[in-house]
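Listed here are the chains, written in short residue letters.
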Amino acid sequence: MIDYYRDFFERHQWLEDGLSWTVVQPLNEEITVDDLLRRLNGGLAPEQRVMEYPREEAGEENRPVLLVSKGEGTWGFLELAYGFGLSDRVLTALSAESRVWMVTWHFNGGYTILHAASGEIRARMRNFLFAQYAVEEGDPTVLAGFRTMLDGLDPEDYSGKRSAAFAFIEAATGLGFESDWPDVVDVPVVILDNPGA
């Protein structure tokens, strides 16, 4: 699975500069995607519209633009422009009656993977791209499989480490994405107003 995402990032090199991928598995069947979008947007219903070329147009917004993906009982949210992850407050709101996984990085670094559940952040690893600077918080067993993946890679295999984060989240949630998904055209997007709330 790491090789699949390695090829994916080779094809979509622009995502290596910044992205945020959040996967939410509601444990309550009554939680809808609209509920999750309101939680993502600080309690408000976010703007939804169709973008002709989301990849290019997302950069013109001064707000995060999300592509939404649905799996079996799971929702994924790919932020297209900035790569700044969700605030702890938003993550804990998302994780109420849900399991949440997020991987994020941006042009200043910030390589972070985390897991939240039952309204709290259970585990987080910052700076996972550089082993000597990696900082872990929370339950070490949650990210044990990810550490094993990283340990199996060359220390300078940065593409492999980014790919491992996606492979780990897909293995945990069952939700990955198709290799051409980030290049879709004429699709609905969600534009957040207040993601840091």
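Our subject is the structure listed above.
All of the points below concern the structure found in this document. (Residues numbered from 1 in each chain as written. Predicted model: local features only at pLDDT ≥ 70, side-chain atom pairs only at ≥ 80, totals over all residues. Heavy atoms only, no water.)

With that out of the way, let us pick up the overall build of the protein. In terms of regular secondary structure, the protein is built from six helices and nine strands. Here the C-alpha atoms of the protein give a radius of gyration of 16 Å, agreeing with the 16 Å that 2.2 N^0.38 yields for 197 residues. Counted over contacts in the protein with a minimum sequence separation of 6, partners at least 24 positions apart contribute 64%. If you sum the accessible surface of the protein, you get close to 9,300 Å²; carbon and sulfur atoms cover 46% of it. Separation between the mean location of the 16 positive side-chain charges and that of the 33 negative ones in the protein comes to 5 Å. (Helix = DSSP H or I, 4+ residues; strand = E, 2+ residues; numbered from the N terminus. Rg over C-alpha atoms; globule rule 2.2 N^0.38 Å. Contact = heavy atoms within 4.5 Å. Areas by Shrake-Rupley, 256 points an atom, 1.4 Å probe, with all protein chains shown as cover. Lys, Arg positive; Asp, Glu negative; His and termini not counted. Charge placed at Lys NZ, Arg CZ, Asp CG, Glu CD.)

All right, on to the pairing of strand S1 (residues 19-26) then. Of all eight residues that make up S1, eight are buried, and the element is covered over most of its length. The two faces of S1 match: Leu19, Trp21, Val23 and Gln25 on one face and Ser20, Thr22, Val24 and Pro26 on the other face are all buried. Relative to strand S5 (residues 98-106), S1 runs antiparallel, the two being bridged by eight bridges. Of the residues in S5, the one forming a bridge with Thr22 is Met102. In this structure, S1 lies alongside strand S4 (residues 74-79), joined through five bridges in antiparallel fashion. Across the sheet, residue Ser20 finds its bridge partner in S4, namely Glu79. (Buried < 20%, exposed > 50% of the residue type's maximum accessible area, 1.4 Å probe, protein only. Pairing = 2+ DSSP bridges.)

What follows concerns the pattern of salt bridges. A full pass over the atoms with the stated rule returns 14 salt bridges. Two residues, Asp88 and Arg124, come together in a salt bridge whose shortest N-O distance is 3.0 Å. In this pair, Asp88 sits in helix H4 (residues 88-94) while Arg124 sits in strand S7 (residues 120-126), placing the two residues 36 residues apart along the sequence. For Arg147, the salt bridge goes to Glu136, with nearest N and O atoms at 2.6 Å. Highlighted residues: Arg147 in helix H5 (residues 144-151) and Glu136 in strand S8 (residues 135-138), separated in sequence by eleven residues. Here the residues in one salt-bridge network are Glu47, Arg49, Glu61, Arg63 and Asp193, joined through shared partners. (Salt bridge = Lys/Arg side-chain N within 4 Å of Asp/Glu carboxyl O.)

Next up on the list: the sheet that holds S1. Judged by pairing direction, the sheet is antiparallel, and its nine strands sit side by side in the order S2-S9-S3-S4-S1-S5-S6-S7-S8 without closing on themselves. Looking at which strands have only one partner, the edges of the open sheet turn out to be strand S2 (47-51) and S8. Between one strand axis and the next, the sheet turns through 20 degrees on average, direction left out of account. Relative to the sheet, helix H2 (residues 33-40) contacts S1, S2, strand S3 (65-71), S4, S5 and strand S9 (187-191), its axis offset from that of S4 by approximately 40 degrees. (Axes fitted to C-alpha atoms, helices over the stretch in contact; angles between N-to-C directions.)

Let us look at the environment of Gly85. If you trace the backbone, Gly85 turns up in the loop between S4 and H4. For Gly85, the residues in contact, after removing those within four places along its chain, are Ser20, Met102 and Thr104.

This next bit is on the packing of aromatic side chains. Here the structure, examined in full by the defined rule, presents 16 aromatic pairs. Both rings, one in Phe128 and one in Phe146, keep their centres 5.3 Å apart while their planes meet at 80 degrees; by these two values the pair is edge-to-face. Of this pair, Phe128 sits in the loop between S7 and S8 while Phe146 sits in helix H5, and the two are 18 residues apart along the sequence. For the pair shown, Phe128 and Phe146 are each scored as buried. Pairing Phe130 with Tyr158 gives two aromatic rings, centres 5.5 Å apart and planes at 55 degrees, and the pair type is tilted. Here Phe130, found in the loop between S7 and S8, pairs with Tyr158, found in helix H6 (residues 158-173); they are 28 residues apart in sequence, far enough to count as distant. (Phe/Tyr/Trp six-rings, centres within 6.5 Å; stacked < 30°, edge-to-face > 60°.)

This part covers the packing of H5 against H6. Packing of H5 against H6 leaves a shortest axis separation of 10 Å and a crossing angle of 150 degrees. In terms of their interaxial angle, H5 and H6 are classed as roughly antiparallel. As H5 runs across H6, the sense of the crossing is right-handed. Residues Gly145, Phe146, Met149 and Leu150 of H5 lie in contact with H6, whose contacting residues are Lys161, Ala164, Ala165, Ala167 and Phe168. Taken together, the residues that form the contact of H5 with H6 break down as seven nonpolar, one polar and one charged. (Parallel < 35°, antiparallel > 145°, perpendicular 65-115°, else oblique. Left-handed = near helix turned anticlockwise from the far one by under 90°. Nonpolar A, V, L, I, M, F, W, Y, C, P; charged D, E, K, R; others polar.)

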